Amino acid sequence: MKKLLSIVIVLFLSISLSAQVPPSPNDGGGAPDAGNTPVGGGAPIGGGIFIMLALGAAYGGKKVYEFKKRKLEE
């Protein structure tokens, strides 16, 4: 079980730590007042959302497992 959890964590981290394309010199380097870039330089949040969903699903699965285990003991 610990091996599987370790593998899953490593896979999620490798996805979220992928290299990003450097900003072009024409957009002001991500400054909020330069060009059409939004505040924050258009930072991607997709990887963070994926990680949060996966952690929530793992936590929910753990709670269901514990509930069923407790139910069988009664």
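Structure: above.
Residues numbered from 1 in each chain as written. Predicted model: local features only at pLDDT ≥ 70, side-chain atom pairs only at ≥ 80, totals over all residues. Heavy atoms only, no water.

**Student:** Can you walk me through the pattern of salt bridges in this structure?
**Tutor:** Side chains that differ in charge, positive against negative, can pair when their charged atoms come close. Within this structure, the stated rule accounts for 1 salt bridge. A salt bridge links K62 to E66; the nearest nitrogen and oxygen atoms lie 3.0 Å apart. One end of the pair is K62 and the other is E66, both in helix α2 (residues 46-73) and 4 residues apart, which spans about a single turn. For K62, a relative accessible area of 45% gives the class partly exposed. (Salt bridge = Lys/Arg side-chain N within 4 Å of Asp/Glu carboxyl O. Helix = DSSP H or I, 4+ residues; strand = E, 2+ residues; numbered from the N terminus. Buried < 20%, exposed > 50% of the residue type's maximum accessible area, 1.4 Å probe, protein only.)

**Student:** What am I meant to see in a nonpolar patch on the surface here?
**Tutor:** A cluster of nonpolar side chains, contributed by L5, I9 and L13, occupies part of the molecular surface with about 280 Å² of accessible area. Residue L5 is classed as exposed on the basis of its relative accessible area, which comes to 52%. (Patch = residues over 30% accessible without salt bridge, like charges linked within 9 Å, V, L, I, M, F, W, Y side chains within 5 Å. Areas by Shrake-Rupley, 256 points an atom, 1.4 Å probe, with all protein chains shown as cover.)

**Student:** I tried to follow the environment of G47 on my own but got confused; where do I start?
**Tutor:** The topology assignment puts G47 in helix α2. Put simply, G47 and L13 are 34 residues apart on the chain and 9.3 Å apart in space, counted from C-alpha to C-alpha.

**Student:** Explain the environment of A54 here, please?
**Tutor:** Within the secondary structure layout, A54 lies in helix α2. Taking relative accessible area as the criterion, A54 reaches 22% and is therefore assigned partly exposed. Here the alpha-carbon distance between A54 and F12, two residues 42 residues apart in the chain, equals 8.8 Å.

**Student:** Help me understand the environment of L5, please; the structure alone is not making it clear to me.
**Tutor:** With respect to the secondary-structure elements, L5 resides in helix α1 (residues 2-16). C-alpha separation for the pair L5 and A58, spaced 53 residues apart in sequence, amounts to 9.8 Å.

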